Amino acid sequence: MAQRGIREFDGKRMLAKYWSEYISKDFKFPGKIVLVDPKTKLDDLPKKYKWLKEEKLVVKPDQLFGKRGKHGLIKANATFDEAKKWIKERMNKDTKVGKVTDKLTHFIIEPFIPHKGEFYVAIKSNREGDTIYYSNHGGVDIESVWKTVAEIQIGVDENIDKLNIESKLPKDTPNEHKKMFAEFIKGLFKFYKELNYAYLEINPFVVTGKNIIPLDLVARLDDTGHFESSLKWGDITFPAPFGRRLSKEEEYIKIMDEKSGASLKLTVLNPKGRVWTMVAGGGGSVIYTDTIVDLGYRDELANYGEYSGNPTTDQTYEYAKTILDLMTREKDPKGRPKFLLVGGGIANFTDVAKTFAGITMALRDYKKKLKDVNVKIYVRRGGPNYQEGLRIMRDLGKELGVPIDVYGPETHMTRIVNMALGG
Amino acid sequence: MEAITVTKTKPKSKNVKKAGMKKDYIIMDKNTKAIVFGYQQRAIQRMLDFDYICKRNEPSVVAIVNPTRDGMHKCFWGTKEILIPMYRTLGEATKLYPNADFMVNFASFRSAYPTSKEALLSKSIRTVAIIAEGVPEQRTKELIKIAHEKNKWIIGPATVGGIAAGGFRIGNTAGMLDNIVASKLHRAGSVAYVSKSGGLSNELNNIIARNTDGVYEGVAIGGDRYPGSTFIDHMMRYEQNPDIKMMVLLGEVGGTDEYEVVEAMKKGRIKKPVVAWCIGTCSKVFPAEVQFGHAGARAGADRETADVKNKALKEVGAYVPTSFDDFDEQIKKAYTKLVKSGKHKPIPDVEPPSIPLDYAVALKQGVIRRPAQFISTISDDRGEELRYCGVKISDIFNEKWGLGGVIGLLWFKKNLPPWAREFIERVVLLTADHGPAVSGAHNSIIASRAGKDLISSLVSGLLTIGPRFGGAVQGSADHFTKYLYAGEEPNFMVKDMKSKNVNIQGIGHRIKSVTNPDVRVTIMVDFAKKNFPVTETLDYALEVEKLTTSKRNNLILNVDGCIGVLCCDMLRGIGYTREQVREFVDLGILNAFFVLGRSIGFMGHIMDQKRLKSRLYRHPWDDIEYIMPDKPEKVK
């Protein structure tokens, strides 16, 4: 639950749909946009969107990353056939953007708009309200022209209609546009507020005849606003950031997480790492990962993992199996032991012994493999019935013949990191 | 460029009239009286148990607001039981309890905003703790504005709350009682903390208790981007409170709220020792953006990383460990220095009063037992899935158990063979209706037309089922098995019944006869002959029928009698002894079949009448012969 990025297409789609309601009936945004995904039949598109064959087009990927021009990922002034070819050459292909590589899967097609001036507007949420940023020098990295940006802070319950926006625009704003821009900004702000946006940046927007066209748009929604705004959001997706391609195991845990009321998280950082964590609680899991890094074992850290919110025994069993499978696939090339940290803080009300049930089942399943790759297990946990939980783990170590060191709340939460790695 | 900004009122103004004698910097202590919004029975009990081990004179919860019910809520105060009043609206509660200045808000993410707003706008509530996760950021911002304007406090949203050791506990903070005692929270220590994460507050309580004289107060401000109150808000309170000797800050990657503390330390507005750590130092090893559990925790700019924040805190003199692993050491170091300097005398430990173990907890631990008042052997609604006699409801559908299969499970606790399942379904279908004129249907119709609801009308019809109406199913089973099982010949049965002047139930039909048989009976008899392993009662009844029809043509085994005897044979066929069959007959199993089936018909008639909008039925005078004496007989 947080601010989450949406596709440029979705932002523009909403803007086009609610333009006349919030922004203006006099000047328009025609909203000619098409989203192409791997399933789109490109040849069928012109039947529904006649303009594709009538106008020159712009195509670019729509996957939550910017600076597409710099990375050579914009095709401008193209015919439909050129655009089609351009997409086909890139669809589902690994592409490097900055430091990350991922597959291109989504593209947005729009009309190519010849224009003169490029303008910048953005709205950003902050604790005291929202800030509108406006500049007459859009279309470039806005940081580089920051001194041209006007900032207008709107207080939490302030009515933007009562503000004279026109007078707050920078002096170099073209006179013929001032009135229209002020109206546009007011409307955009209402749209942003009503639809629970947390961030909305249009860089740039341009003027063609009587219309305003946003050329490039970046937006984040506050997804907790779902119950207020979902109707207006329409069919919305929150894509994973570019470069976060999930492995099979991560995908498996993610699906389990989405289906469950509990929280199950797994990020594999280095499958060859020797330190694996399986930690209860969101904060606790971060702290364990922190400590491994802070104590200098960054290169040995294999994963980030968290389970919380009272998962069922089946779920913890599946979760533990996934991690055990990953960590026991191969021996450390230098023959050193591997470590599994079953950590956690002091639980509020969760029965610790019960949450260990799934983990112990999985450990039993992997008895042989754990020995084969020389795994040492460290447990630290507190909370209801923790004595019983720890006893179960201790007994399990004896039963399996796998070293399991067990600690309770009398031992500082992260001490097992040092015990495992420092010793 | 002109900027329109809302001025922050920090620290809080010094004269809060409503707080009475209470110091401004105290938002919760052993005198705090709270209203709990939302009927969170366990949380309320936990607050009261905490009060009790803190030796508070009075419970901290004075009223509950429950929009769906008012009245009284019964809960424990030590071993005694007490009543806490419950109101539908906050308005009523605040009017009657103007001394309650705290609201623990358990409302859902949907209603957290309007309810918290109402509390903040009320005269008496000064602090609102919002537990819900998922409150829209815009709404929280509105609440923050109101709180600032009204000089009030918000803790949360998305938090477990906080705790004033030895005084007041917000909802479920600090977990189970044994943990609370282990962390010395039943009496105030001298260290106050503020943390973003609620999940780690137990760990903080533990660490502080092990390395100092204990927690004075702890607040978890919640994981949202815009917490209702921030680190600095609470740390400024802590700074002013002379009973607090040092502070602990547990921050997080993302956001810049920690810098307000850095600034205050730099400016000397915070002078007390601060031990600080921001979690999320590992964010740098993640390849692309990974979203942690908390909405506020995303590292954007460098300034928002945990590393940079930790460095900044260290530079202004906070005790900052090199990793969380030394957090305990740093706390100990700061505390020891404080004690050595003579500025603080450690607060002695106190023995808490013991709280009786909750029944549920003790039961779970296996330390007590009690004979159950009720036993159920046919179904279990606990656990992952509902089960009928051990069979999961999903399997009932996947394996197509059908109505007969389910009745087998719930009535007989048996996995019935296909023939028995089909027989049961046939009985239900056969008995489903017999037209509007029969007593039961008629009663249902009359009741329905009198404007009674479906259930009342149905019951009105069912009440006619007995010895005369619909009872023949039950009666025939009773009569035939009685003679058959006693080893008597059919001949004897007919004679014996005649001599007792009792009609054999299930024999005789108004119209149908040997020459004009009832097709329903033929079907059922054929089915039984073909599929039942045992047909002894049917055979016996057919022998009896031979005798009775020799007297009169229409004294045939009728459909009720047929069902009655076949049910007995079915029971025998699925493995019951004759004695057990008699037990079933005695407990009314045949009526069960008839009631089950016929309810379908009755409800049909009731709905039919409702749809027709039939009006109240009044029997016509001309259909009643009024024969009344002129005057009553006088009793001498």
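Residues numbered from 1 in each chain as written. Chains lettered and ligands numbered in written order. Predicted model: local features only at pLDDT ≥ 70, side-chain atom pairs only at ≥ 80, totals over all residues. Heavy atoms only, no water.

## Some thoughts on the interface of chain A and chain B
Step number 1: Taken together, the 67 residues of chain A in the interface contact 64 residues of chain B.
Step number 2: Both faces considered, chain A and chain B share a buried interface measuring about 5500 Å² in area, 55% of it formed by carbon and sulfur atoms.
Step number 3: Contact with chain B buries surface across chain A, with Arg127, Phe227 and Phe349 of chain A losing the most and accounting together for 15% of the total.
Step number 4: At the junction of chain A with chain B, the criterion picks out six salt bridges.
Step number 5: Across the salt bridge formed by Lys145 of chain B and Asp157 of chain A, the nearest N and O atoms sit 2.7 Å from each other.
Step number 6: On the surface where chain A and chain B come into contact, there are 32 residue pairs in polar contact (both at pLDDT 80 or more).
Step number 7: Broken down by element, the residue count for the side of chain A that touches chain B peaks at nine residues, all from helix H9 (residues 282-294) of chain A.
Step number 8: Class assignment for the residues of the side of chain A that touches chain B results in 27 nonpolar, 20 polar and 20 charged. (Contact = heavy atoms within 4.5 Å. Buried area = accessible area lost by both parts, 1.4 Å probe. Salt bridge = Lys/Arg side-chain N within 4 Å of Asp/Glu carboxyl O. Polar contact = N/O pair within 3.5 Å; in protein donor to acceptor, adjacent residues only side chain to side chain. Helix = DSSP H or I, 4+ residues; strand = E, 2+ residues; numbered from the N terminus. Nonpolar A, V, L, I, M, F, W, Y, C, P; charged D, E, K, R; others polar.)

## Here's the deal with the environment of Asp496 of chain B
Residues and elements named next belong to chain B.
Step number 1: When you line up the elements, Asp496 lands in helix H18 (residues 490-499).
Step number 2: For Asp496, a relative accessible area of 16% corresponds to the buried category.
Step number 3: Each C-alpha atom of the pair Asp496 and Tyr483 lies 9.7 Å from the other, and the pair is 13 residues apart in sequence.
Step number 4: Of the polar contacts made by the side chain of Asp496, one reaches the side chain of Lys500; its length is 3.0 Å. (Buried < 20%, exposed > 50% of the residue type's maximum accessible area, 1.4 Å probe, protein only.)

## What about helix H22 (residues 578-586) of chain B?
Residues and elements named next belong to chain B.
Step number 1: Inspection of H22 places Val581, Arg582, Phe584 and Val585 among the buried residues, and these make up the whole buried set. Projected onto a plane normal to the axis of H22, the buried residues spread over an arc of 160° and lie on a single side. Across from the buried face of H22, at angles greater than 90 degrees, the exposed residues are Glu579, Glu583 and Asp586.
Step number 2: Lining the buried residues of H22 we find helix H13 (402-412), helix H17 (471-485), helix H21 (559-573) and helix H23 (589-612). (Arc of directions from axis to C-beta.)

## Quick notes on the side chain of Thr411 of chain A
Step number 1: Within the fold, Thr411 of chain A resides in the loop between strand S20 (404-407) and helix H14 (415-422).
Step number 2: With residues up to four places along the chain from it excluded, the contact list for Thr411 of chain A reads Arg380 and Met419 of chain A.

## Some points on the pattern of salt bridges
When the charged atoms of two side chains lie near each other, side chains of opposite charge can form a pair.
Step number 1: If you walk through the whole model with that rule in mind, you get 60 salt bridges over all chains.
Step number 2: For the salt bridge of Lys12 of chain A with Glu110 of chain A, the shortest nitrogen-to-oxygen distance reads 2.3 Å. One end of the pair, Lys12 of chain A, is in helix H1 (residues 8-23); the other, Glu110 of chain A, is in strand S7 (residues 107-111), with 98 residues separating them in the sequence. Note on accessibility: Lys12 of chain A and Glu110 of chain A belong to one class, buried.
Step number 3: Two residues, Asp349 of chain B and Arg187 of chain B, come together in a salt bridge whose shortest N-O distance is 2.9 Å. One end of the pair, Asp349 of chain B, is in the loop between helix H10 (327-340) and helix H11 (359-365); the other, Arg187 of chain B, is in the loop between helix H5 (177-182) and strand S10 (191-195), and 162 residues separate them in sequence.

## A closer look at H23 of chain B
All names here are of chain B.
Step number 1: Spanning 24 residues, H23 covers 35 Å between terminal C-alpha atoms, matching the ideal 34 Å at 1.5 Å per step.
Step number 2: Of all the bends found along H23, the most pronounced is centred on Arg598 and spans about 30°.
Step number 3: Among the residues making up H23, those that are buried are Ile589, Leu590, Phe593, Phe594, Gly597, Arg598, Ser599, Gly601, Phe602, His605, Ile606 and Gln609.
Step number 4: Just downstream of H23, Lys613 is the residue with a positive phi angle, here 55°. (Expected span 1.5 Å × (residues − 1). Bend = angle between axes of the 7 residues up to and from the residue.)

## Things to note about the packing of aromatic side chains
Residue and element names in this part refer to chain A.
Step number 1: With the rule as written, the count across this model stands at 34 aromatic pairs over all chains.
Step number 2: Taking the centre distance of 5.5 Å and the plane angle of 45° together, the rings of Tyr133 and Trp146 count as tilted. With Tyr133 in strand S9 (residues 129-135) and Trp146 in the loop between S9 and strand S10 (150-155), this pair connects stretches of sequence that are 13 residues apart.
Step number 3: Classification of Trp146 as partly exposed rests on a relative accessible area of 34%. (Phe/Tyr/Trp six-rings, centres within 6.5 Å; stacked < 30°, edge-to-face > 60°.)

## Here we look at the packing of H17 of chain B against H22 of chain B
All names here are of chain B.
Step number 1: Axis separation between H17 and H22 bottoms out at 10 Å; the angle between their running directions is 155°. Judged on the interaxial angle alone, H22 and H17 are roughly antiparallel. In this structure, H17 crosses over H22, and the sense of that crossing is left-handed. Residue-level contacts link Gln474, Ala477, Asp478, Thr481, Lys482, Leu484 and Tyr485 of H17 to Arg578, Val581, Arg582 and Val585 of H22.
Step number 2: When the residues that make up the contact of H17 with H22 are grouped by side-chain class, the tally is five nonpolar, two polar and four charged. (Axes fitted to C-alpha atoms, helices over the stretch in contact; angles between N-to-C directions. Parallel < 35°, antiparallel > 145°, perpendicular 65-115°, else oblique. Left-handed = near helix turned anticlockwise from the far one by under 90°.)

## A word on the pairing of strand S17 (residues 303-308) of chain A
Residues and elements named next belong to chain A.
Step number 1: Of all six residues in S17, six are buried; the element is thus mostly enclosed.
Step number 2: Where burial is concerned, the two faces of S17 agree: the one with Asn303, Gly305 and Tyr307 and the one with Tyr304, Glu306 and Ser308 are both buried.
Step number 3: Sheet topology places strand S14 (residues 263-268) next to S17; six bridges connect them, and they run antiparallel. By the bridge assignment, Ser263 is partnered in S17 with Ser308.
Step number 4: One ladder, built from two bridges, connects strand S16 (residues 279-280) with S17; its direction is parallel. Its bridge partner lying in S17, Val279 is registered against Glu306. (Pairing = 2+ DSSP bridges.)

## Digging into the confidence of the model for chain B
All names here are of chain B.
Step number 1: Across chain B, the average pLDDT comes to 92, with 94% of residues at or above 70.
Step number 2: Predicted confidence is poor over residues 1-20, with pLDDT under 50, and the contacts of this stretch with residues over four places away or in other chains come to 42 contacts.
Step number 3: Confidence drops under pLDDT 50 across residues 290-299; counting only partners more than four residues distant or on other chains, this segment forms 40 contacts.
Step number 4: The ipTM assigned to the predicted complex is 0.94, against a pTM of 0.80. (pLDDT = per-residue confidence, 0-100.)

## Side note on the domain arrangement of chain A
Step number 1: Structurally, chain A comprises domain 1 (3-30 + 115-233), domain 2 (34-111) and domain 3 (248-421).
Step number 2: Between the C-alpha centres of domain 2 of chain A and domain 3 of chain A there is a distance of 43 Å. (Domains from an automatic or database assignment.)

## Here we look at the sheet that holds strand S16 (residues 391-392) of chain B
Residues and elements named next belong to chain B.
Step number 1: One open sheet accounts for three strands, arranged S14-S15-S16; its pairing is antiparallel. Every interior strand has two partners, whereas the edge strands, strand S14 (379-380) and S16, have only one.
Step number 2: One ladder, built from two bridges, connects S14 with strand S15 (residues 387-388); its direction is antiparallel. Following the sheet pairing, Asp380 is matched in S15 by Arg387.

## Brief notes about the state of the cysteines
Each disulfide consists of a covalent bond between the sulfur atoms of two cysteine residues.
Residue and element names in this part refer to chain B.
Step number 1: For the coordinates displayed, the defined rule picks out zero disulfides over all chains.
Step number 2: Between Cys282, a cysteine without a disulfide, and Cys278, which holds the nearest cysteine sulfur, the sulfur-to-sulfur distance is 13 Å.
Step number 3: Exposure remark for Cys282: the relative accessible area of 0% places this residue in the buried category.
Step number 4: In this structure Cys562 is not part of a disulfide, and its nearest cysteine sulfur, from Cys567, lies 9.2 Å away. (Disulfide = S-S within 2.5 Å.)

## With respect to the environment of Val525 of chain B
All names here are of chain B.
Step number 1: By secondary structure assignment, the location of Val525 is in helix H19 (residues 519-531).
Step number 2: In sequence terms Val525 and Cys562 are 37 residues apart; their C-alpha atoms lie 7.6 Å from each other.
Step number 3: Not counting residues within four places of it along the chain, the set of residues in contact with Val525 comprises Leu538 and Cys562.

## What to know about the packing of H18 of chain B against helix H20 (residues 536-551) of chain B
Residue and element names in this part refer to chain B.
Step number 1: Interaxial distance between H18 and H20 falls to 9 Å at its minimum, and their mutual angle equals 55°. The pairing of H18 with H20 is recorded here as oblique in orientation. As for how H18 packs across H20, the hand of that crossing is right-handed. Residues Pro490, Asn491, Met493 and Val494 of H18 form the contact with H20, whose participating residues are Tyr540, Glu543, Val544, Leu547 and Lys551.
Step number 2: Broken down by class, the residue content of the contact of H18 with H20 amounts to six nonpolar, one polar and two charged.

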